[in-house]
Amino acid sequence: MMDYNYRDVLFFLFTIMIAMILITLPLPRWLQLLQPSWVLLVILFWFCVAPEMIGLGWFWCIGLFQDMLVTTPLGMYAIVYLVVGFLLSRMSSRLSQYPLWQQLVVVSVATVFQIICVFIVMNMAHQSISLWVLLPSIVVNCLIWRLLFLTLHGVWRRRLRLY
């Protein structure tokens, strides 16, 4: 188990903040279909590199903040991230130690779970949304996962040399 200080927590919050900014950027309609689930990917990254630092409370708070930020029904993303975090915490080893294809399976399953929850909740809230509109994000998340992981992990590893 690694000791984490306030700089680690600040970097964690910074990456979450950047992910929140990326999901609120105005995009053309055709590009919105290809927008990755930035917050989900960043949460998965942090679970890979520092599962002891972030607990289920963080997942819940991040989801509530995203719900308020993008004006979805309150608790929708909070529950999605909480369940994803709970299921990941039940895995016996770190996700970052899995081969790439297994990481992509976990990323795609988490994305499918998020899509299904968003579809169900939005339809229950009478905000009709097509399931086919949400499906391209599975492929986009899988394509972006490795690049995001390597970029954030490189920055995360460099911080070890700073202390």
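Here the structure is shown first, and the text comes after it.
The following refers to the structure shown. Keep in mind that what you see is a predicted model, and the values were worked out from it rather than measured. (Residues numbered from 1 in each chain as written. Predicted model: local features only at pLDDT ≥ 70, side-chain atom pairs only at ≥ 80, totals over all residues. Heavy atoms only, no water.)

Attention now goes to the side chain of Ser37. Secondary-structure assignment places Ser37 in the loop between helix H2 (29-32) and helix H3 (38-49). Not counting residues within four places of it along the chain, the set of residues in contact with Ser37 comprises Gln114 and Asn141. (Helix = DSSP H or I, 4+ residues; strand = E, 2+ residues; numbered from the N terminus. Contact = heavy atoms within 4.5 Å.)

Within this structure, the stated rule accounts for nine aromatic pairs. When the centroid spacing of 5.7 Å and the interplanar angle of 70 degrees are considered together, the rings of Phe11 and Trp46 count as edge-to-face. On the criterion of sequence distance, the pair formed by Phe11 in helix H1 (residues 6-24) and Trp46 in helix H3 is long-range, its members being 35 residues apart. In terms of burial, Phe11 and Trp46 fall into one category: buried. Residues Phe12 and Trp58 carry aromatic rings whose centres are separated by 4.9 Å and whose planes lie at 85 degrees to one another, so their mutual orientation is edge-to-face. Of this pair, Phe12 sits in helix H1 while Trp58 sits in helix H4 (residues 56-70), and the two are 46 residues apart along the sequence. Through successive ring pairs, a cluster of aromatic residues spans Phe11, Phe12, Phe45, Trp46, Trp58, Trp145, Phe149 and Trp156. (Phe/Tyr/Trp six-rings, centres within 6.5 Å; stacked < 30°, edge-to-face > 60°. Buried < 20%, exposed > 50% of the residue type's maximum accessible area, 1.4 Å probe, protein only.)

Attention now moves to a nonpolar patch on the surface. On the surface, Phe14, Met17, Ile18, Ile21 and Leu25 cluster together into a nonpolar patch covering about 430 Å² of accessible area. With respect to the element layout, Ile21 can be found in helix H1. (Patch = residues over 30% accessible without salt bridge, like charges linked within 9 Å, V, L, I, M, F, W, Y side chains within 5 Å. Areas by Shrake-Rupley, 256 points an atom, 1.4 Å probe, with all protein chains shown as cover. Salt bridge = Lys/Arg side-chain N within 4 Å of Asp/Glu carboxyl O.)

To continue, consider the environment of Val70. Mapped onto the secondary structure, Val70 falls in helix H4. Residue Val70 is classed as partly exposed on the basis of its relative accessible area of 27%. Apart from the residues lying within four places of it in its own chain, the contact partners of Val70 are Ile23, Thr24 and Tyr77.

The quantities given are spatial measurements derived from coordinates; they are silent on function.
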